Amino acid sequence: MGALVAKALRPVKAFNIENRAHKIISKEKPKAAPTYPSTFEELKRVQEADPEIDKKLDTKDPGLDDRLRNVYVTSHGRPEDDITREKRKQSEDRPLPSFRGQVPDFDFGLKEPEKIPYGRTTLRQAIDYISSHQINPTEVTAAKIALEYNLKEEDVVNILKYFKTFEVYLPATRTTPAMFAGPTQLRQKLYKNKVPEIENKKDVEENKKAKVENV
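Treat the numbers as computed from the prediction; the structure is a model and nothing was measured.

### Quick notes on the overall build of the protein
Piece 1. A tally of helices and strands in the protein yields 10 helices and two strands.
Piece 2. Secondary structure elements of the protein occur, N-terminal to C-terminal, as α-α-α-α-α-α-α-α-α-β-β-α.
Piece 3. Restricting to contacts in the protein with at least 6 residues of sequence separation, those with at least 24 account for 36%.
Piece 4. Entry remark: accessible area of the protein is about 20,600 Å², with carbon and sulfur atoms responsible for 57%.

### Notes on helix 5 (residues 62–69)
Piece 1. For helix 5, the buried fraction is low: zero of the eight residues fall into the buried class.
Piece 2. Where helix 5 begins, the capping side chain belongs to Asp-61, and its oxygen is found 3.2 Å from the backbone nitrogen of Gly-63.

### Side note on the environment of Phe-108
Piece 1. Mapping Phe-108 onto the fold places it in the loop between helix 6 (80–93) and helix 7 (123–135).
Piece 2. The exposure class of Phe-108 is partly exposed, given its relative accessible area of 29%.
Piece 3. Here the alpha-carbon distance between Phe-108 and Leu-123, two residues 15 residues apart in the chain, equals 7.6 Å.
Piece 4. Sequence-distant contacts of Phe-108, defined by excluding residues within four places in its chain, comprise Leu-123, Arg-124 and Ile-127.

### Observations regarding a nonpolar patch on the surface
Piece 1. Together, Val-168, Leu-170 and Met-179 line one region of the surface with nonpolar side chains, adding up to about 240 Å² of accessible area.
Piece 2. You can see Met-179 is positioned in strand 2 (residues 179–180).
Piece 3. The partly exposed category is assigned to Met-179, whose relative accessible area is 41%.

### Describing the pattern of salt bridges
Opposite charge on two side chains lets them pair, provided their charged atoms get close.
Piece 1. A full pass over the atoms with the stated rule returns seven salt bridges.
Piece 2. Close ionic contact of Asp-82 with Arg-85 constitutes a salt bridge, the shortest N to O distance being 3.1 Å. Pair noted here: Asp-82 and Arg-85 are both in helix 6, with a separation of three residues, about one helical turn.
Piece 3. Salt bridges here are not isolated pairs; linked through shared partners, they connect Lys-60, Asp-65 and Arg-69.

### With respect to the nonpolar core
Piece 1. Grouped together as the largest cluster of nonpolar side chains are 10 residues: Ala-126, Tyr-129, Ile-130, Ala-142, Ile-145, Ala-146, Leu-151, Val-156, Ile-159 and Leu-160.
Piece 2. Contributing elements (two or more residues each) for this core: helix 7, helix 8 (142–149) and helix 9 (153–162).
Piece 3. Once you skip the residues sitting within four places of it in the chain, Leu-160 turns out to touch Tyr-129, Ile-130, His-133, Ala-142 and Ile-145.

### Some thoughts on the packing of aromatic side chains
Piece 1. The tally for this structure, following the rule as stated, stands at one aromatic pair.
Piece 2. Their ring planes at 55 degrees and their centres at 5.0 Å tell us that Tyr-129 and Tyr-149 sit as a pair that is tilted. Of this pair, Tyr-129 sits in helix 7 while Tyr-149 is found in helix 8, placing the two residues 20 residues apart along the sequence.

### Some points on the packing of helix 8 against helix 9
Piece 1. Axis separation between helix 8 and helix 9 bottoms out at 9 Å; the angle between their running directions is 120 degrees. By the angle between their directions, the pair helix 8 and helix 9 is classed as oblique. Between helix 8 and helix 9 lies a crossing of right-handed hand. When helix 8 is examined against helix 9, the residues Ala-142, Ala-143, Ile-145 and Ala-146 are found in contact with a partner set consisting of Glu-153, Val-156, Val-157 and Leu-160.
Piece 2. When grouped by side-chain class, the residues that make up the contact of helix 8 with helix 9 number seven nonpolar, no polar and one charged.

About the thresholds
- Sequence order sets the numbering: in each chain, residues are counted from 1 along the sequence as written.
- pLDDT decides what is reported in this predicted model: residues at 70 or higher carry local features, side-chain atom pairs at 80 or more are listed and counted, and totals for whole chains, interfaces and linings draw on all residues regardless.
- The basis for the side-chain values is all heavy atoms of the structure; hydrogens and waters are excluded.
- Put simply, DSSP marks the helices as runs of H or I at least four residues long and the strands as runs of E at least two long, and each gets a number from the N terminus on.
- Note on contacts: a residue pair qualifies if any of its non-hydrogen atoms lie within 4.5 Å across the two residues.
- Using a 1.4 Å probe, accessible areas were evaluated by the Shrake-Rupley method; residue-level cover was limited to the displayed protein chains.
- When a residue's accessible area, from a 1.4 Å probe over protein chains only, is under 20% of the maximum for its type it is buried; when over 50% it is exposed; and in between it is partly exposed.
- Two N or O atoms form a polar contact when they lie within 3.5 Å of each other; inside protein one atom must be a possible hydrogen donor and the other a possible acceptor, and for residues adjacent in sequence the pair counts only when both atoms belong to side chains.
- A residue counts toward a patch only above 30% relative accessible area and without a salt bridge, and it is joined to like-charged neighbours within 9 Å or, for Val, Leu, Ile, Met, Phe, Trp and Tyr, to nonpolar neighbours within 5 Å.
- The term salt bridge refers to a pairing of a side-chain nitrogen on Lys or Arg with a carboxyl oxygen on Asp or Glu at a separation within 4 Å.
- For our purposes a nonpolar core is just a set of buried Ala, Val, Leu, Ile, Met, Phe, Trp, Tyr and Cys residues, chained together by side-chain atoms within 4.5 Å.
- Pairs were defined over the aromatic rings of Phe, Tyr and Trp, the Trp ring being its six-membered one, requiring ring centres within 6.5 Å. Orientation was assigned from the angle between planes: stacked under 30 degrees, edge-to-face over 60, tilted for the rest.
- Only the stretch in contact is used when fitting a helix axis, every axis being a line fitted to C-alpha atoms; angles between N-to-C directions are given from 0 to 180 degrees.
- Between 65 and 115 degrees an angle is taken as roughly perpendicular, under 35 as roughly parallel, over 145 as roughly antiparallel, and anywhere else as oblique.
- Handedness of a crossing is defined here by the sense of rotation of the near helix relative to the far one, left-handed for an anticlockwise turn of less than a right angle and right-handed for a clockwise turn.
- In this classification, Asp, Glu, Lys and Arg are treated as charged, Ala, Val, Leu, Ile, Met, Phe, Trp, Tyr, Cys and Pro as nonpolar, and every other residue, Gly included, as polar.

Okay, structure coming up:
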């Protein structure tokens, strides 16, 4: 459909095309954009300092040409071919890995180390003790975290000061007030619900120990 429309409009576009072309060509050339006052003053200063600056720029300076011929660069390093050949030999000694399977997706986008040195922490551990501190800051203190995760207490204090887990904030509506419904609030509810279960388990274990001792 588009080709038919273009073919039908072609005679209309070509009507009196020569006269229109001559009309456009005969128009005056567009004027150059005006220079800034600072540029105009700089050009004026250069022309006053050297009135023949335009002629010098248009003509060839033999002195500059001779000095350019004397400029050369010497390389004191190794040739590029030797370096490339050496790198190729190194790559032959280090073959590509034989495992071609799909790399597993890790929880935090990277593989966690098996051994964590003293004073270091992983992202999983940081999220765990930061969220635990937000839930119960009186019990989960910086000293306890440092002792459990082999960290410096000063570092733990700074981590708890400058890092927090994300919270979901629900704005107020006509029926419900504004509230936080993020991970910390959910963990607090789960923690409160699990406290009676933990206490009951402790009582059961203590009763079992008492029975064994009595026997």
